[in-house]
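Chain residues, written in single-letter form:
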Amino acid sequence: MNALARLGTGFVSAVVEAMEELRIHRGRVLLSLVGVAVAVCALATVVGAGAVAEQGVRESSERGGGRAATATFNVNAATPPDPVQVGTAWNEVLERYGVAYGTRLSYGEMLVQFTDGAVTVPVQAVDPAYGIIHRVRVSEGAWFDETDAERLAPAVVISEAFWDRLGRPPLATHPTVELLGEGGRTAVVVGVTPRNGEWDTEPSAFILADAYASLPVPGGTGSSMMGSLLPSFEAWIDQNQADPIIEAIRRDFAAALGDGVQVDGFRTDYAAFGEDPLLFVKLLVIGVAVIILLLGALGLVNIALVTVRTRIREIGIRRTFGATAGRVFFAVMMESVVGTFVAGVVGVGVAILIVRSPLMSMLLGGGELEDLPGFPIEAAVIGLGSAVLVGALAGLLPAFAAIRVRVIDAIRF
Amino acid sequence: MRLVEAVDVGRTVQIPDAEPLTILRGVELTVEAGERVSIVGRSGSGKSTLLNLLGLIDSPTEGELRILGEDAARLRGARRDRMRGQEIGFVFQQFNLLPGRTALENVQTPLLYAGGASFWRRERIAREMLGRVGLGERTDAKPERLSGGEQQRVAIARALVRRPRLILADEPTGALDLETGSTVMELIEEVAAETDAALVTITHDPAIARRADRHLRLSEGRLVPLDEPVPAGSAA
Ligand SMILES: Nc1ncnc2c1ncn2[C@@H]1O[C@H](COP(=O)(O)OP(=O)(O)OP(=O)(O)O)[C@@H](O)[C@H]1O
Ligand SMILES: [Mg+2]
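Residues numbered from 1 in each chain as written. Chains lettered and ligands numbered in written order. Predicted model: local features only at pLDDT ≥ 70, side-chain atom pairs only at ≥ 80, totals over all residues. Heavy atoms only, no water.

Our next topic: the packing of helix 6 (residues 148-160) of chain B against helix 7 (residues 178-194) of chain B. Residues and elements named next belong to chain B. Running from amino to carboxyl end, helix 6 crosses helix 7 at an angle of 5°, the nearest separation of the two axes being 11 Å. In this view, helix 6 runs roughly parallel relative to helix 7, as classed from their interaxial angle. Here Arg 153, Ile 156 and Leu 160 of helix 6 come into contact with helix 7, specifically with Thr 180, Val 184, Ile 188 and Val 191. Its residues assigned to classes, the contact of helix 6 with helix 7 comprises five nonpolar, one polar and one charged. (Axes fitted to C-alpha atoms, helices over the stretch in contact; angles between N-to-C directions. Helix = DSSP H or I, 4+ residues; strand = E, 2+ residues; numbered from the N terminus. Parallel < 35°, antiparallel > 145°, perpendicular 65-115°, else oblique. Contact = heavy atoms within 4.5 Å. Nonpolar A, V, L, I, M, F, W, Y, C, P; charged D, E, K, R; others polar.)

In structure tokens:
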């Protein structure tokens, strides 16, 4: 206990001493730390911006193939089973494996009456979970929720091009569209998805799968697309045990549908395709950051060595008053570490400002990121950690130099 | 208690491209607790060199030196540093104050290495000691702003702040006028008496030298009794 208290006092007094040294030498300390702060800022900015950019790449992949891990299941049978029965079986299987997000997905079309005529619009028939699995962005209104299934008029989420053709009515006014065909219906627009790019000029829409099944088929044959063609099924599952779950779902789903029905299942998310597609970018970014930091460290060692030379006498004086070599070593190290830590905080702070600036988010994700990562914690931790590490490494050399000198030589210096 | 025991101590320094220079040779000295010893000698006679040996700052090249019962040649590393900080108070001839730090911070420095209560109460202890050397009003002044005599008194306060058992003062009144000099000497003697510390003073000033119990002179590298030779065994 006594030894512990002594150790604690020793530590505190060393820190007190280091802080005092920092205060006395703040001019040169500031000078040497500017380099470190700049390096840490560069590092944290690169890592942070890298994470944001990565998020951008990931989100756009996710919009296509779903989040990790998304599996798609297709039902094949000589005589198509009843879609309602298939839907029930699907839901049971999802429940059995605790899958919270699953969706049906089929591609079809509907005939829409615009002011300037009727247009055939491609449509994706989905369940509400589709929006989560594929991170569908909605610029106006909202994506489907559970209550949309109970509407009398089918709900649709339309593309911005579609919305333009309607004259961009505010969604608060519950705009409707006329769906043509035998027994035509009126659909309510609940949301608008933003444009995916310049080329995205043709109207398209999402509709809930059940609502779509009850729609007239364009051309008025009376039977909906759903009647003849089964949708595919998607599930968002735990990435770590994707393969066994996919296999289990595939097996149980097929079993529930009876003999002669085959189900295949496979991953469609970006993470499933072998190596990390962003690995190269990440390595490049880290390489650049490390080089920047090494340069900062070099500058620090240089300045630290020069200043220790001028401080040899002071260190000698301290030693005549009882400072042990270990204590001097620790104090010089501590000074370096405390300094670089502060520089690290400043550098990370500036990096946060840079990464969060509107300019940066425009550069990185065109302002379209849904989960715009605040400032990645990892970037802050890496920035601070490397600052402290650099401080310790850069302090090592001058600390050794400081204790190598004999006391008598130091005070005669 | 015998605080210093030097037997045939010598100090030779190696000088590049020249003959080795023998500064001290055959130095014999014992100092008991509570004793006051004064040493005089010509400039360059090796007084500061001798004091550095006694203060565990330097090591003899010949002979045997025991400080507080410890063989100085074997005392190394952290133990040597701690003993120097704890038991020995050094007043340097050139003051050796830390530039840029206030008088108060300078006097606190030894307490940074003291640990325990002395560390935590370092400011109060340092303030009190500065008050005793008559600098209670100048605690926040930096050495650059202090007169030579004031700097010397800061150096003295710093040497005494850990209550050393062996006080080594190299011309402690060199920069002080007669009156301040004797006041400061009184203070040093007072602090020494409080802890029964021994006091070894180097001085050029006969008035200061006269305050000691024993008077020595350094001449041609040897320590010889001055005026009134010390009879053998009188120190015990
Ligand atoms: N490390 C060293 N290298 C070379 N010469 C040295 C060294 N240390 C001391 N000397 C020389 O030894 C001699 C004695 O030095 P010292 O400082 O002990 O003298 P002093 O008696 O204190 O003189 P003063 O009264 O002027 O302070 C001087 O000539 C000095 O130049
Ligand atoms: Mg001298």
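And the narrative resumes.
Right, let's get into the coordination of the magnesium ion (ligand 2). Residue and element names in this part refer to chain B. The protein atoms that coordinate the magnesium ion (ligand 2) are Ser 48 (OG) and Gln 93 (OE1), at distances of 2.0 to 2.1 Å. Here Gln 93 lies in the loop between strand 6 (88-91) and helix 3 (103-112) and Ser 48 lies in helix 1 (residues 47-54), a separation of 45 residues in the sequence. With a relative accessible area of 34%, Gln 93 lands in the partly exposed category. (Donors = N, O, S within 2.8 Å, 3.2 Å for Na, K, Ca; no water. Buried < 20%, exposed > 50% of the residue type's maximum accessible area, 1.4 Å probe, protein only.)

Take the nonpolar core next. Residues and elements named next belong to chain B. By size, the foremost hydrophobic cluster in this structure holds 40 residues, and its most contacted members are Val 4, Ile 39, Leu 54, Leu 65, Ile 67 and Val 200. At five residues, the largest contribution of residues to this core is made by strand 2 (residues 21-32). Leaving out residues up to four positions away in the same chain, Ile 67 has contacts with Leu 3, Val 4, Leu 54, Leu 56, Met 83, Ile 88 and Leu 166. (Core = buried A, V, L, I, M, F, W, Y, C linked by side-chain atoms within 4.5 Å.)

Time to look at empty space enclosed by the protein. Using the criterion set out here, one finds six cavities of 30 Å³ or more in the structure. Estimates place the volume of the second largest cavity at around 80 Å³. Looking at the second largest cavity, the residues that line it are Glu 17, Ala 18, Glu 21, Arg 311, Glu 314, Ile 315, Arg 318, Val 328, Ala 331, Val 332 and Glu 335 of chain A together with Tyr 113 of chain B. Within the residue set of the lining of the second largest cavity, elements represented by two or more residues are helix 1 (2-24), helix 9 (279-320) and helix 10 (325-356) of chain A. Taken together, the residues that form the lining of the second largest cavity break down as six nonpolar, no polar and six charged. (1 Å grid on protein atoms, 1.4 Å probe; cavity = no way out; pocket = protein on both sides within 12 Å on 5 of 7 lines; lining within 4 Å. Points joined across faces, edges and corners; volume = space filled by probe spheres on them.)

Attention shifts here to the pattern of salt bridges. Under the definition given, this model contains 32 salt bridges over all chains. If you follow the salt bridges from partner to partner, you end up with Glu 160, Asp 164, Arg 168 and Arg 195 of chain A in one network. (Salt bridge = Lys/Arg side-chain N within 4 Å of Asp/Glu carboxyl O.)

With that settled, the discussion passes to the packing of helix 10 of chain A against helix 12 (residues 377-404) of chain A. Residue and element names in this part refer to chain A. Interhelical geometry of helix 10 versus helix 12 gives an angle of 150° and a closest axis separation of 7 Å. Relative to helix 12, helix 10 is oriented roughly antiparallel. For the pair helix 10 and helix 12, the sense of crossing is right-handed. (Left-handed = near helix turned anticlockwise from the far one by under 90°.)

It is worth spelling out the interface of chain A and chain B at this point. Contact residues are listed per partner, giving 26 residues for chain A and 30 residues for chain B. Taking both partners together, chain A and chain B bury about 2,400 Å²; carbon and sulfur atoms supply 60% of that area. Run the count over chain A and chain B and you get three salt bridges. Taking the shortest distance from any N to any O, the salt bridge between Arg 101 of chain B and Glu 314 of chain A comes out at 3.0 Å. In this assembly, chain A and chain B are joined by 10 residue pairs in polar contact (both at pLDDT 80 or more). Counting only elements with at least two residues in the side of chain A that touches chain B, the list comes to helix 1, helix 9, helix 10 and helix 13 (407-412) of chain A. Among the elements that line the side of chain A that touches chain B, the one with the most residues is helix 1 of chain A, at nine residues. (Buried area = accessible area lost by both parts, 1.4 Å probe. Polar contact = N/O pair within 3.5 Å; in protein donor to acceptor, adjacent residues only side chain to side chain.)

Here we come to the side chain of Glu 20 of chain A. Mapping Glu 20 of chain A onto the fold places it in helix 1. Buried and unpaired, Glu 20 of chain A has no salt bridge, with Arg 318 of chain A as the nearest side chain of opposite charge at 4.2 Å. In contact with Glu 20 of chain A, not counting residues within four places along its chain, are Arg 318 of chain A together with Arg 101 and Glu 105 of chain B. (Lys, Arg positive; Asp, Glu negative; His and termini not counted.)

Right, let's talk about the packing of aromatic side chains for a bit. Residues and elements named next belong to chain A. Enumeration over the complete set of coordinates arrives at 15 aromatic pairs over all chains. Arranged with centres 5.9 Å apart and planes meeting at 55°, the rings of Phe 11 and Phe 330 form a pair that is tilted. Of this pair, Phe 11 sits in helix 1 while Phe 330 sits in helix 10, placing them 319 residues apart in sequence. Here the aromatic rings of Phe 233 and Phe 253 are separated by 5.2 Å at their centres, their planes lie at 85°, and the arrangement is edge-to-face. Separated by 20 residues along the polypeptide, Phe 233 in strand 9 (residues 232-236) and Phe 253 in helix 8 (residues 242-256) bring together distant segments of the chain. Of the two residues, Phe 233 and Phe 253, both sit in the buried class. (Phe/Tyr/Trp six-rings, centres within 6.5 Å; stacked < 30°, edge-to-face > 60°.)

Let us now look at the confidence of the model for chain B. Chain-level pLDDT for chain B is 91 on average; 96% of the residues reach the 70-or-more range. Taken together, the chains of this predicted complex give a pTM of 0.65 and an interface ipTM of 0.90. (pLDDT = per-residue confidence, 0-100.)

A separate point is the site of ligand 1. Near ligand 1 you find Arg 412 of chain A together with Val 13, Ile 23, Arg 42, Ser 43, Gly 44, Ser 45, Gly 46, Lys 47, Ser 48, Thr 49 and Gln 93 of chain B, and these make up its full shell. Residues close to ligand 1 are split across chains A and B. At a separation of 2.6 Å, an oxygen atom of ligand 1 approaches a polar side-chain atom of Ser 43 of chain B. One of the backbone nitrogen or oxygen atoms of Gly 44 of chain B is found 2.8 Å away from an oxygen atom of ligand 1. (Near = heavy atom within 4 Å.)

Averaged over chain A, the pLDDT score is 81; the fraction of residues at 70 or greater is 89%. In the model, residues 219-228 of chain A has pLDDT below 50 throughout and makes 17 contacts with residues more than four positions away in sequence or in other chains.

Residue and element names in this part refer to chain A. A grouping of Phe 341, Val 342, Val 345, Val 346, Val 350 and Ile 354 is seen on the molecular surface, where their side chains present a nonpolar patch of about 450 Å² in accessible area. Relative to the helices and strands, Val 342 resides in helix 10. Relative accessible area serves as the criterion here: at 45%, Val 342 is assigned to the partly exposed category. (Patch = residues over 30% accessible without salt bridge, like charges linked within 9 Å, V, L, I, M, F, W, Y side chains within 5 Å. Areas by Shrake-Rupley, 256 points an atom, 1.4 Å probe, with all protein chains shown as cover.)

The pairing of strands in a sheet happens through backbone hydrogen bonds and is either parallel or antiparallel. All names here are of chain B. With respect to topology, six strands assemble into an open sheet ordered 6-7-8-3-9-10, the strand pairing being mixed. If you trace the sheet from one side to the other, it starts and ends with strand 6 and strand 10 (222-225), each paired once. The average undirected angle you get between the axes of adjacent strands in this sheet is 20°. Bridge count for strand 3 (residues 36-41) against strand 9 (residues 214-219) is five bridges, and the pairing is parallel. Opposite Ser 38, over in strand 9, you have His 215 as the bridge partner. Sheet strands in contact with helix 6 are strand 6 and strand 7 (166-170), and its direction is about 170° off that of strand 6. Docked against the sheet, helix 7 engages strand 3, strand 7 and strand 8 (198-202), running at close to 155° with respect to strand 8. (Pairing = 2+ DSSP bridges.)

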